[in-house]
Amino acid sequence: MDEASLTPEAAAGRCRDIVDRVEEAVVVERRVLYETLAAVIARGHVLIEDVPGTGKTVLARVFAEALGLTFTRIQFTPDLLPADVTGSNIYNEHEGRFEFAEGPVFTNVALADEINRAPPKTQAALLESMEERQVSVDGTTHDLPEPFVVIATQNPVEQEGTFRLPEAQRDRFAVKTAMGYPDADGEMDLLEMRDNRRTLAPSVDAVVRPETVLELQELAEDVRVDEAVCRYIVDLARATREDDRTEIGVSPRGVQRVFEAVRASAVIDGREYATPEDVKRMARATMSHRLILTTEATVENVDPDDIVRSVLDSVDVPGVSPDAPTVPANGESSGEGGTEPDSMGVDAPAEESTTDGDGQS
C-alpha cells in the first residue's frame, strides 16, 4: 500500500499495528499507549509522571522503535546546561571558522528523562524546540527533524533538589499520563518477556516508516470537527476555570491542544470526523495537567483528574454530526460494539453518556 495515501481505515490499521508492536516489549495499559500515540499524531509532546521503575524510559524508546523514528535519551541533571541539550558552535581549527554541533535534541523522539532534575534555564531550552520545532544558537536558527516529539518523564517522589516544571512549560505538553504498576498477571508477563530475551533492555522492530507517521499527522489535519463538538471542548475548558477548586483552568492554548488530540483520536479510530466520545476519551490526559489548584484544594490533596471528571459530568454532551453514525446514549460505541478505541483498551468514562439529559442528538 502507498503510505502517502492512507485512508482512515488504513490509518486505524497502522495504529493497531503500532500498539501491538509496543506491547511486545512493554506491559502497560492500552490507555497509556493510546494517549501517547494520539499526542504523536497531533504533533504534540508527552509528559509521563510516575514512580521509578515503572518503565517510563523503556516505553519512550520502544515507541520510537515501533514508529521507525530516531531516538535520543537526555538524562536531566542539576549540572546540565542548555547547550548540552540544543548544541553549540564549536571552532574548527582546520576550516578556521565556527561550526554548529547539533545537540541530542536533534532527533525524532527526544526523551527528557527526569526533566524536573535540571535547573529552569535548561528546562526552558526545550521550550523553543517543543513549540517552534527549531533551535536558535548565536542568532542562527536550525530546524529540527520531522516528526519531532519530546517525551519527558518525572518522578513524584524524591523531590529534594528538584526543580518543579513551571506552569508555562507543563502547558506545552499535549498529554500527561502515568503508567502505574501492572497487576500480578502483568508482572508475570514481564518476567516471561525477560526470560525470552538475552538482553537487559527490550527492543522491537519498526512496524511503520517515518513517512507513515507524517502521513498520520497530515490525516489528522483533515479530520472534521463539527461546531457542536468544538463548543463542547470550549465549554469543558471554561468549566474548569469556573470550578471553585481551581485558581487557573485550561488555557486557550490548552483548548487548541485538546482539539488537536481529539482529531488524532478520530484518526486512531479510523474516522474522518470527531465525536464527543473522542473529547471525553482524551479529556483527562489533555486537561488535568493544565489546572492550577487553589491553596485550599492543594491542602486537601484534590486530584486534578477529579475536577476534569466533574466537569465532564456537569457539561451537556452534544450530538454528533448529522451525517455521522449515531452514538448510543449508553456509550456502547466504545464498549461491546468492538470499535477501534475499545480494541485498544480505551473506554470513555462509564458514567458519562454521549447525549445530554434530553436525549438530544
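Keep in mind that what you see is a predicted model, and the values were worked out from it rather than measured.

**A few points about the overall build of the chain**
Part 1: Scanning the chain from terminus to terminus reveals 14 helices and 11 strands.
Part 2: Burial analysis of the chain (361 residues in total) assigns 52% to the buried set.
Part 3: Here the analysis covers contacts within the chain between residues at least 6 apart in sequence; of these, 79% occur between residues at least 24 apart.
Part 4: Of the roughly 16700 Å² of accessible surface on the chain, a fraction of 47% belongs to carbon and sulfur atoms.

**What about the packing of aromatic side chains?**
Part 1: Within the structure shown, the criterion is met by two aromatic pairs.
Part 2: Seen from their ring centres, Tyr91 and Phe98 are 5.2 Å apart, and the 65 degrees between their planes marks the pair as edge-to-face.
Part 3: Since its relative accessible area comes to 43%, Tyr91 is described here as partly exposed.

**Here's the deal with the layout of surface pockets**
Part 1: By volume, the second largest pocket amounts to about 310 Å³.
Part 2: In terms of lining, the second largest pocket is formed by 17 residues, of which the most central are Val27, Gly53, Thr54, Gly55 and Leu190.
Part 3: With five residues, the single largest contributor to the lining of the second largest pocket is helix α7 (residues 184-195).

Thresholds applied
- Residues numbered from 1 in each chain as written.
- Predicted model: local features only at pLDDT ≥ 70, side-chain atom pairs only at ≥ 80, totals over all residues.
- Heavy atoms only, no water.
- Helix = DSSP H or I, 4+ residues; strand = E, 2+ residues; numbered from the N terminus.
- Buried < 20%, exposed > 50% of the residue type's maximum accessible area, 1.4 Å probe, protein only.
- Contact = heavy atoms within 4.5 Å.
- Areas by Shrake-Rupley, 256 points an atom, 1.4 Å probe, with all protein chains shown as cover.
- Phe/Tyr/Trp six-rings, centres within 6.5 Å; stacked < 30°, edge-to-face > 60°.
- 1 Å grid on protein atoms, 1.4 Å probe; cavity = no way out; pocket = protein on both sides within 12 Å on 5 of 7 lines; lining within 4 Å.
- Points joined across faces, edges and corners; volume = space filled by probe spheres on them.

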